[in-house]
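Close look at the chain arrangement
Residues per chain, in single letters:
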Amino acid sequence: MTGGEPPPFLVVGHVVRPHGTRGEVFVWPLTDHPGTHFVVGARHLLADEVDGEGPTDSQEHELESVREHARGFLARFAGVGDRDAAEALRGRYLFRRFTDIDELDEGEIFYHELVGAEVVTADGSPLGSVREVFPLAPSELLEVVGPRGDFLLPLHSRFVRFDRERRRLVADPPEGILP
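Residues numbered from 1 in each chain as written. Predicted model: local features only at pLDDT ≥ 70, side-chain atom pairs only at ≥ 80, totals over all residues. Heavy atoms only, no water.

1. Description of the overall build of the protein chain
Selection rule: Each helix is a run of DSSP H or I of at least 4 residues and each strand a run of E of at least 2, with the numbering of both proceeding from the N terminus. Buried, partly exposed and exposed residues are distinguished by accessible area as a fraction of the type maximum, computed with a 1.4 Å probe on protein chains only: under 20%, between the cut-offs, and over 50%, respectively. Contacts are residue-level and defined by heavy atoms, with any inter-residue pair within 4.5 Å sufficient. Each accessible area value is a Shrake-Rupley result obtained with a 1.4 Å probe; residue values ignore everything except the protein chains displayed when judging cover. Under this rule, positive means Lys or Arg and negative means Asp or Glu; His and the chain ends count for nothing. Lys charges are placed at NZ, Arg charges at CZ, Asp charges at CG and Glu charges at CD.
Broken down by element type, the protein chain carries three helices and twelve strands. With the principal axes as the frame, the protein chain shows a C-alpha extent of 60 × 30 × 25 Å. Of all 179 residues assigned to the protein chain, the portion counted as buried reaches 36%. Here the contacts in the protein chain between residues at least 6 apart in sequence split such that 53% fall between residues at least 24 apart. Carbon and sulfur atoms make up 48% of the accessible area of the protein chain, which totals about 10,400 Å². Put simply, the protein chain has 19 plus and 32 minus side-chain charges, and the middle of one group is 4 Å from the middle of the other.

What follows is the structure, encoded as structure tokens:
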């Protein structure tokens, strides 16, 4: 995937384990908008791992029931009616087609928009481009590769403004960040 281009699929959850004997699984959400991906009727594709290749199973799996549970969800997919069938889903990742993903809220950015984006100072001086996004708390870190060297830049509104049209980050980094 080239930076800036939307991927065909995004990972939205991880099946942790079966729950009970009637085919439910515990799903850990991997999205900022779980309420739109974990609802009855939502369709997911499955993958054994998240490796950038996308789903490994072309069959869509429709959610038949969903309820919140312990910072995640208890979900049952159509056709999964017992613990053995639920066990087969253990450890799988849930993908949704990018076209099924919600529009972003004001100020939100997809990671794929950042990779390869130009990074400049407020006066337009080039700092480099984003090589990687590290999803950490309380703020993501951007690995910037530039002519003066590589550095990590916090993706925080105090230090960075994203210009989506120009695919550019305007940075005012804290003291000591720049090489």
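Read on, since the account is not over.
2. Quick notes on the pairing of strand β4 (residues 57-69)
To keep things clear, this is the line we draw: Note on pairing: two strands pair once DSSP finds at least 2 bridges between them.
Pairing of strand β3 (residues 43-47) with β4, which is carried by three bridges, proceeds in the antiparallel orientation. Among the inter-strand pairings, R43 is bridged to a residue of β4, identified as E62. Alignment of β4 against strand β5 (residues 72-77), held across six bridges, turns out to be antiparallel. Bridge pairing in β5 links E68 to F73. Turn length for the β4-β5 hairpin, with the two strands adjacent in sequence and antiparallel, is two residues, and the turn residue A70 shows positive phi of about 45 degrees.

3. Quick word on the nonpolar core
Inside soluble globular proteins, nonpolar side chains tend to come together where they are buried. What counts, and what does not: The criterion is simple. A nonpolar core is a set of buried Ala, Val, Leu, Ile, Met, Phe, Trp, Tyr and Cys residues joined through side-chain atoms within 4.5 Å.
Grouped together as the largest cluster of nonpolar side chains are 17 residues, with contacts concentrated most on V25, V27, F38, F77, L89 and L94. Counting residues per element, this core draws most heavily on β5, at three residues. Those residues within four positions of L89 in sequence are excluded, and the remaining contacts are V15, V25, L46, F77 and V80. Counting residues in each nonpolar core, the second largest holds 16 residues, with A117, F151, L155 and L169 among its members.

4. Topic: the confidence of the model for the protein chain
To be explicit about the condition: pLDDT runs from 0 to 100 and stands for how confident the predictor is about each residue.
Here the protein chain averages 91 in pLDDT, and 96% of its residues register 70 or above. Taken element by element, the protein chain is modelled with least confidence in helix α3 (residues 111-114), mean pLDDT 88, and with most confidence in β5, mean pLDDT 98.

5. Notes on the pattern of salt bridges
Between side chains of opposite charge, pairing is possible as soon as their charged atoms come close. Note the threshold: When a carboxyl oxygen of Asp or Glu is within 4 Å of a side-chain nitrogen of Lys or Arg, the pair counts as a salt bridge.
Throughout the structure, instances matching the rule amount to twelve salt bridges. For R90, the salt bridge is made with E87, and the minimal N-O distance between the two is 2.6 Å. Exposure remark for R90: the relative accessible area of 41% places this residue in the partly exposed category. Of the charged contacts in the structure, one is a salt bridge between R131 and D150, with a shortest N-O distance of 2.9 Å. You can see R131 sitting in strand β8 (residues 126-134) and its partner D150 sitting in strand β10 (residues 149-154), a full 19 residues away along the chain. Taken together, the shared-partner salt bridges connect R43, E60, E62 and R97 into one network.

6. Examining unusual backbone geometry
Cis geometry is adopted by the peptide bond preceding P138, which originates at A137 and carries an omega value of 5 degrees. Relative to the elements of secondary structure, P138 occurs in the loop between β8 and β9 (141-146). Although it is not a glycine, R71 sits at a positive phi angle of roughly 65 degrees. Secondary-structure assignment places R71 in the loop between β4 and β5. What makes R71 exposed here is its relative accessible area of 72%. The phi angle at R167 is positive, at roughly 50 degrees, despite the residue not being glycine. You can see R167 is positioned in the loop between β11 (160-163) and β12 (168-171). Residue classification places R167 among the partly exposed positions, given a relative accessible area of 26%.

7. Description of the sheet that holds strand β2 (residues 24-29)
What counts is decided by this rule: Axes, fitted as lines to C-alpha atoms, cover a helix only where it is in contact. Angles between the N-to-C directions of the axes lie from 0 to 180 degrees.
Taken in spatial order, the six strands close into a barrel running β1-β2-β5-β4-β3-β6, and their pairing is antiparallel. Ignoring strand direction, the axes of neighbouring strands in this sheet form an average angle of 50 degrees. Relative to strand β6 (residues 93-97), strand β1 (residues 9-19) is paired through five bridges, and the arrangement is antiparallel. Residue pairing for β6: F9 is matched across the bridge by R97.

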